[in-house]
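Here is how the chains run, residue by residue.
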Amino acid sequence: MRISNYLLLALVISLSSCSNNSKNEVKLKQYMVKGQMLYNIHCSNCHGIKGQGLGRVYPPLNPSDYVQNNFSDVLCVMRSGLTGEVIVNGVSYNQMMPALEHLTDLEVAEIATYIYNSWSDKKGLIGVNEVIENSENCPPPTTH
Amino acid sequence: MKHLPLIALIIIGIAGCNSPKKEKSLPIMGRTEYTLSDTIYHQVKDFSFVNQDSAIVTGKTFEGKIYVTDFFFTTCPTICPIMKTQMLRVYENIKDYDDVAILSHTIDPEYDTVALLKDFSERLGVSTPKWHFVTGDKLKIYEQAQRSYMVTAAEDKSAPGGAIHSGAFILVDKDKHIRGFYDGTVATEVDELMRDIDVLRKEYADK
């Protein structure tokens, strides 16, 4: 009786973790699809469909040491924009990035999930709460 | 031997397929005026702007040259980056042609100064005599877009970046006639532009 109880418990745990996993997987897929859509609308004009950038005008996102090492900044930059010099892969870029203030927390999370899972990184799902918590540290939006 | 007519027919048919296609010729665009003795085609008006090296660029700069022209501004967040990606393809394609050049006008001359255009062109990795980035009097630039090249360029505070403009690449021949419009944001249209540049070059070579 005791053994079968343990078995039952193990079964319940494994089943619940299983459904949890697949739920997260579905969510990740949803974020990836929406993220790609949003990326193609808001980011790809400058950074390229494959994140390749353009010359020394627009920095690449793929591959990019800046993107890999500045996760918090990347979340901010989408909505706040960026001015001044940035060094990406050892190359200097200095083109104003406009602020996309109208992006919602969810949209930022979806784009971030797409950027951080499509190319060199496999960061997994980047949730809305992560974006909300992070946005407290973000600078005010840039203006042209 | 009784199949001979049939064979002959097949041969004629195949030969028909191989007959040289009529070569493409490009129309001369814009309003054409006819007088009793002459046909007057639309021509690009002379202009005077300043390029990224602070040199004056006029119609004379493009004497004896076919050129591709467009309107953009460096901070434009919408179609310009794609236009520049595509124009870079054109640049790579014509780099070794002495008789072809590119002329990009900024429509935001207050922000896009000579120094800024210089920096922009260097960052794109292109050289001046092939690809001129020009700035100048804003109204003159708008007028040149609308009157000479027949495309839109205007200020619009409600548009992203503060201006609206056409994404067209315009092909101009050595006689300042407009020979084609292409959507500079669509790769296949730019492919066509590059083919048409060769058609034009051939037209001059055959003259």
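This structure is a prediction, so every number in the text was calculated from the model and none was measured.

Caption draft 1: The state of the cysteines, seen in detail. Residues and elements named next belong to chain A. All chains considered together, the criterion is met by 2 disulfides over all chains. Paired by a disulfide, Cys 76 and Cys 138 hold their sulfur atoms 2.0 Å apart. Torsion about the S-S bond of the Cys 76 and Cys 138 cystine: about -85 degrees, corresponding to left-handed handedness. Within this pair, whereas Cys 76 is found in helix α4 (residues 71–80), its partner Cys 138 is found in the segment after α6 (128–135), the two being separated by 62 residues in sequence. According to the relative accessible area criterion, Cys 76 is buried, its value standing at 5%. The exposure class assigned to Cys 138 is partly exposed, which follows from its relative accessible area of 22%.

Caption draft 2: Focus on the side chain of Arg 123 of chain B. Mapping Arg 123 of chain B onto the fold places it in helix α3 (residues 114–124). Once you skip the residues sitting within four places of it in the chain, Arg 123 of chain B turns out to touch Gly 55, Arg 56, Val 57, Ser 92, Tyr 93 and Asn 94 of chain A.

Caption draft 3: A look at the interface of chain B and chain A. On the side of chain A, 14 residues touch chain B, which itself brings 17 residues to the contact. Looking only at chain B, the three residues that lose the most surface to chain A are Thr 75, Pro 81 and Arg 123 of chain B, adding up to 45% of its buried area. In this structure, the connection of chain B to chain A is made through 0 salt bridges. Counting the contacts that link chain B with chain A gives 5 residue pairs in polar contact (both at pLDDT 80 or more). Mapped by element, the contributors of at least two residues to the side of chain B that touches chain A are α2 (80–94) and α3 of chain B. Looking at which element gives the most residues to the side of chain B that touches chain A, the answer is α2 of chain B, with 5 residues. Among the residues forming the side of chain B that touches chain A, the class breakdown is 8 nonpolar, 5 polar and 4 charged.

Caption draft 4: Examining the packing of helix α5 (residues 105–118) of chain A against α6 of chain A more closely. Residue and element names in this part refer to chain A. Orientation of α5 relative to α6, taken along the N-to-C sense of each, is 110 degrees, at an axis distance of 8 Å. Taken together, α5 and α6 sit at an angle that is classed as roughly perpendicular. Here Asp 105, Leu 106, Val 108 and Ala 109 of α5 come into contact with α6, specifically with Val 128, Val 131 and Ile 132.

Caption draft 5: Summary view of the packing of α2 of chain B against helix α5 (residues 187–206) of chain B. Residues and elements named next belong to chain B. With their axes 10 Å apart at the nearest point, α2 and α5 run at an angle of 25 degrees to one another. As the angle between them shows, α2 and α5 are arranged roughly parallel. Crossing of α2 over α5 shows right-handed handedness. In contact with Gln 86, Arg 89, Val 90, Asn 93 and Ile 94 of α2, α5 contributes Ala 187, Val 190, Asp 191, Leu 193, Met 194 and Ile 197. Its residues placed into classes, the contact of α2 with α5 shows 7 nonpolar, 2 polar and 2 charged.

Caption draft 6: Representation of the nonpolar core in the model. In this structure, Tyr 67, Val 90, Leu 124, Trp 131, Tyr 149 and Leu 171 of chain B are the most contacted members of the largest nonpolar core, which totals 58 residues. Residues Leu 103, Ala 109, Ile 111 and Trp 119 of chain A belong to the second largest nonpolar core, which totals 27 residues.

Caption draft 7: The sheet that holds strand β11 (residues 178–183) of chain B, seen in detail. Residues and elements named next belong to chain B. Taken in spatial order, the 5 strands make up an open sheet running β7-β6-β5-β10-β11, and their pairing is mixed. Each edge of the open sheet carries a strand with a single partner, namely β7 (131–134) and β11. On average, adjacent strands in this sheet sit at an angle of 20 degrees to one another, irrespective of strand direction. Pairing between strand β10 (residues 168–172) and β11: 5 bridges, direction antiparallel. Residue pairing for β11: Phe 169 is matched across the bridge by Tyr 182.

So, how was this worked out
- Residues numbered from 1 in each chain as written.
- Chains lettered and ligands numbered in written order.
- Predicted model: local features only at pLDDT ≥ 70, side-chain atom pairs only at ≥ 80, totals over all residues.
- Heavy atoms only, no water.
- Disulfide = S-S within 2.5 Å.
- Helix = DSSP H or I, 4+ residues; strand = E, 2+ residues; numbered from the N terminus.
- Buried < 20%, exposed > 50% of the residue type's maximum accessible area, 1.4 Å probe, protein only.
- Contact = heavy atoms within 4.5 Å.
- Buried area = accessible area lost by both parts, 1.4 Å probe.
- Salt bridge = Lys/Arg side-chain N within 4 Å of Asp/Glu carboxyl O.
- Polar contact = N/O pair within 3.5 Å; in protein donor to acceptor, adjacent residues only side chain to side chain.
- Nonpolar A, V, L, I, M, F, W, Y, C, P; charged D, E, K, R; others polar.
- Axes fitted to C-alpha atoms, helices over the stretch in contact; angles between N-to-C directions.
- Parallel < 35°, antiparallel > 145°, perpendicular 65-115°, else oblique.
- Left-handed = near helix turned anticlockwise from the far one by under 90°.
- Core = buried A, V, L, I, M, F, W, Y, C linked by side-chain atoms within 4.5 Å.
- Pairing = 2+ DSSP bridges.

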